[in-house]
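A look at the structure
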Protein chains: 2
Amino acid sequence: MEKPLILVTNDDGITAPGLRMLISIMKKIGDVVVVAPDSPQSGMGHAITLDTALFSKKMKIDLDSDNIDEYSCSGTPADCVKLALQELLPRRPDICVSGINHGSNSSINVIYSGTMSAAVEAGIEGIPAIGFSLCDYNWEADFTQAQDYIYTIVTQALENGIPKGTVLNVNIPKLLKKEIKGIKVCRQAKANWKEKFDKRTNPMGKDYYWLTGEFELLDKGEDTDEWALANGYISVVPTQFDLTAHHVIQELNTWDF
Amino acid sequence: MEKPLILVTNDDGITAPGLRMLISIMKKIGDVVVVAPDSPQSGMGHAITLDTALFSKKMKIDLDSDNIDEYSCSGTPADCVKLALQELLPRRPDICVSGINHGSNSSINVIYSGTMSAAVEAGIEGIPAIGFSLCDYNWEADFTQAQDYIYTIVTQALENGIPKGTVLNVNIPKLLKKEIKGIKVCRQAKANWKEKFDKRTNPMGKDYYWLTGEFELLDKGEDTDEWALANGYISVVPTQFDLTAHHVIQELNTWDF
């Protein structure tokens, strides 16, 4: 049987340790092509590049690695997927995996996530797609603990197919391997960020702001990704790109237009 | 009664004619504060600025305008809303309106839309929010035809409240006023972009790509925003930021984890 073709991308950039770990796991499953941003793209949401041209370069980051094709791209994660599908891949991939992100993309973070935007972009094109994130922002984080789980999730996705119109948002708790209790399918927890801006003045007397904030969980449900992560599970949230709030259409039809 | 406080923003930048039109309509409804990007931010999706500081400047674009406060911001549309809420507004706004975008944000375009990301950001903070877009990319487009409809939608939203967890995505067809048949509440049509990359070589011999593409409607439903727009209606899609595909959780629970 032909090996599956796996597109690997991320938002932390082509040199990120999380991407390297994901490549090494995917190599056990299929043929891997990497198309990833040439610089970090965290918090890029579903941005695409409309006003500037995109540059892409074939490269080899890991000199010991087997014969896999790697390309950097000057654009966003969504751009990487578009360019991969249209220009760089030898054929349509069987699956697209994005990550492993250095930091959480659970609950409301999915909205801001470049990692997930790459997966969603593939999903829009009808390609099974999964975003992986480790709840640890450290660049030297330990990505080894979830290897077997990631292997399982990707092989299950290839075997079962991911339901149409859906991509998977997988978050891994910052725990030792022996502490991880398993995988839980969840819903996205209600949460937001309580922003605080740190206002400063530059040497020319101009004010500027650094965005900081605290995560605020607004959801006590035990079926959420936040609950799963806090209780030692890897969370899997099916994530859709039909954003319609179908349940409120009826209510809006009572408005006096 | 106190007049409502209205936060106006967009993604085309603080000088855009569509923003100017939206300000002029909102001035009839309440007290207006403008916080908008200092440069165009189209296609920014829900990007936020994490790695650089934000600059903001109080300014006056329209010298004839009444006494309204306007601020430019060096960040994305989502940044503008965060900065407005935390730093610039005198109090929590009663509503946030974004636009009028120069170009469509119907169907799958909502995913890439900076206009809608501003509205969604306000929605996450629990503030009623609406994104407005005109299906005409021309910078000199005629924004007058939909004035009365926009007025109606915003006043209805203030009166009825927008259902929790939802923001409105309003698209206006490129038609004369007399040709517009009314307002339709819709769902987001299934569609995608068939990308084509225009590959070129720069004077230094380096390849680069321009993203181009064709919109591909994959939905024949007569309850969609694309149908409404093609048939002379203004489309209103309730848009949510809980991205969970609740209907597939059961199926995923049959996977062999």
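Cut-offs applied
Residues numbered from 1 in each chain as written. Chains lettered and ligands numbered in written order. Predicted model: local features only at pLDDT ≥ 70, side-chain atom pairs only at ≥ 80, totals over all residues. Heavy atoms only, no water. Axes fitted to C-alpha atoms, helices over the stretch in contact; angles between N-to-C directions. Helix = DSSP H or I, 4+ residues; strand = E, 2+ residues; numbered from the N terminus. Parallel < 35°, antiparallel > 145°, perpendicular 65-115°, else oblique. Left-handed = near helix turned anticlockwise from the far one by under 90°. Contact = heavy atoms within 4.5 Å. Nonpolar A, V, L, I, M, F, W, Y, C, P; charged D, E, K, R; others polar. Salt bridge = Lys/Arg side-chain N within 4 Å of Asp/Glu carboxyl O. Buried < 20%, exposed > 50% of the residue type's maximum accessible area, 1.4 Å probe, protein only. Least-squares fit on C-alpha atoms with pLDDT ≥ 70 in both. Buried area = accessible area lost by both parts, 1.4 Å probe. Polar contact = N/O pair within 3.5 Å; in protein donor to acceptor, adjacent residues only side chain to side chain. Pairing = 2+ DSSP bridges. Right-handed = clockwise from strand over helix to strand, strands pointing away. UniProt positions renumbered as here; feature names shortened; annotations may be inferred.

Quick look at the packing of helix α1 (residues 17-26) of chain A against helix α5 (residues 147-160) of chain A now. Residue and element names in this part refer to chain A. In contact at an axis separation of 10 Å, α1 and α5 are set at 60° when each is read in the N-to-C sense. Taken together, α1 and α5 sit at an angle that is classed as oblique. The two elements α1 and α5 meet at a crossing, and its hand is right-handed. In contact with Met21, Leu22, Ile25 and Met26 of α1, α5 contributes Gln147, Ile150, Tyr151 and Val154. Taken together, the residues that form the contact of α1 with α5 break down as seven nonpolar, one polar and no charged.

In this section: the pattern of salt bridges. For the structure shown, the criterion picks out 26 salt bridges over all chains. Notably, a salt bridge pairs Glu125 of chain A with Lys194 of chain B, separated by 3.8 Å at the nearest N-O pair. Of the two residues, Glu125 of chain A is situated in the loop between α4 (114-124) and β6 (129-134) and Lys194 of chain B in strand β9 (residues 191-201); the pairing between them involves two chains. Among the residues examined, Glu125 of chain A registers a relative accessible area of 10% and is labelled buried. For Lys194 of chain B, a relative accessible area of 40% corresponds to the partly exposed category. Salt-bridge contacts for Arg91 of chain B lead to Asp94 of chain B; the nearest nitrogen and oxygen are separated by 3.1 Å. What makes Arg91 of chain B partly exposed here is its relative accessible area of 31%. Looking at Asp94 of chain B, the relative accessible area reads 30%, which means it is partly exposed. Taken together, the shared-partner salt bridges in this structure form one network comprising Glu2, Arg91 and Asp94 of chain A.

Turning to the relation of the copies chain B and chain A, a few remarks are in order. Placing chain B over chain A gives an RMSD of 0.0 Å and needs a rotation angle of 180°, together with 0.0 Å of translation along the axis. One copy is carried onto the other by what is essentially a two-fold rotation axis. Comparing contact sets, 100% of the residues at the interface of chain B also lie at the interface in chain A, consistent with an isologous, same-surface contact.

Taken together, the contact pairs 77 residues of chain B with 77 residues of chain A. A buried area of about 7,000 Å², summed over both sides, lies between chain B and chain A, and 66% of it is on carbon and sulfur atoms. Inspection of the region where chain B meets chain A yields four salt bridges. The interface formed by chain B and chain A includes 21 residue pairs in polar contact (both at pLDDT 80 or more). No other element matches the seven residues that β9 of chain B contributes to the side of chain B that touches chain A. Taken together, the residues that form the side of chain B that touches chain A break down as 40 nonpolar, 22 polar and 15 charged. Sheet analysis places strand β3 (residues 54-59) of chain A next to strand β10 (residues 207-217) of chain B, joined by two bridges and oriented antiparallel. Looking at the pairing, Phe55 of chain A lines up with Tyr208 of chain B of β10 of chain B.

On to the pairing of strand β6 (residues 129-134) of chain B. Residues and elements named next belong to chain B. β6 sits mainly inside the fold: six of its six residues count as buried. Side-chain alternation along β6 places Ala129, Gly131 and Ser133 on one buried face and Ile130, Phe132 and Leu134 on a second face that is also buried. Inspection of the sheet shows strand β5 (residues 95-102) paired to β6 by five bridges, in the parallel sense. In the strand pairing of β6, Asn101 is matched with Ser133. Taking the sense of rotation as the criterion, the β-α-β connection linking β5, helix α3 (residues 114-124) and β6 turns out right-handed. Pairing between β6 and strand β7 (residues 166-172): five bridges, direction parallel. Its bridge partner lying in β7, Leu134 is registered against Ile172. With helix α4 (residues 147-160) bridging β6 and its parallel neighbour β7, the resulting β-α-β unit is left-handed.

All names here are of chain B. The buried fraction of β5 is high, at eight of eight residues. Bridge count between strand β1 (residues 5-9) and β5: four bridges; the pairing is parallel. Bridge pairing in β5 places Leu7 opposite Cys96.

With that settled, the discussion passes to α1 of chain A. Residues and elements named next belong to chain A. When you tally the buried positions in α1, you get eight out of ten residues, the bulk of the element. What α1 keeps buried is the set Gly18, Leu19, Arg20, Met21, Leu22, Ile23, Ile25 and Met26. Contacts made by the buried residues of α1 are with β1 (5-9), β2 (31-37), β4 (69-73), β5 (95-102), β6 and α5.

Below, the discussion takes up the side chain of Ser106 of chain A. All names here are of chain A. If you trace the backbone, Ser106 turns up in the loop between β5 and α3 (109-112). By relative accessible area, which is 2% here, Ser106 ends up buried. A polar contact is formed between the side chain of Ser106 and the side chain of Ser104, at a distance of 2.8 Å. Sequence-distant contacts of Ser106, defined by excluding residues within four places in its chain, comprise Asn171, Asp225, Glu226 and Leu229.

The subject of this paragraph is unusual backbone geometry. Residue and element names in this part refer to chain A. Each neighbour pair has its own omega, and for Gly99 with Ile100 the value is -10°, a cis peptide bond. Look at Ser107: it is not a glycine, yet its phi comes out positive at around 40°. Within the fold, Ser107 resides in the loop between β5 and α3. The buried category is assigned to Ser107, whose relative accessible area is 0%.

Residues and elements named next belong to chain A. Mapped onto the fold, Ala78 is located in helix α2 (residues 77-88). Judged by its relative accessible area of 0%, Ala78 falls in the buried class. The spacing of Ala78 and Cys135 is 57 residues in sequence and 22 Å in space, taken between C-alpha atoms. Contacts of Ala78, omitting those with residues within four sequence positions, involve His46, Ala47, Ile48, Ser117 and Glu121.

Residues and elements named next belong to chain A. Mapped onto the present numbering, the UniProt feature "binding site: a divalent metal cation" (unreviewed entry) falls at Asp11, Asp12, Ser42 and Asn101. The annotated residues occupy 91 residues of the chain but converge on a single region, no pair of C-alpha atoms lying more than 9.0 Å apart. Relative to the assigned elements, Asp11 resides in the loop between β1 and α1. Setting aside chain neighbours within four positions, we find Asp11 in contact with Pro37, Ser39, Pro40, Gln41, Ser42, Gly43, Pro77, Asn101, Gly114 and Thr115. Relative to the assigned elements, Asp12 resides in the loop between β1 and α1. If we skip the residues at most four places from it in the chain, Asp12 touches Pro40, Ser42, Ile100, Asn101, His102 and Trp139. Within the structure, Asp12 has its side chain in polar contact with the backbone nitrogen of His102 (distance 2.9 Å).

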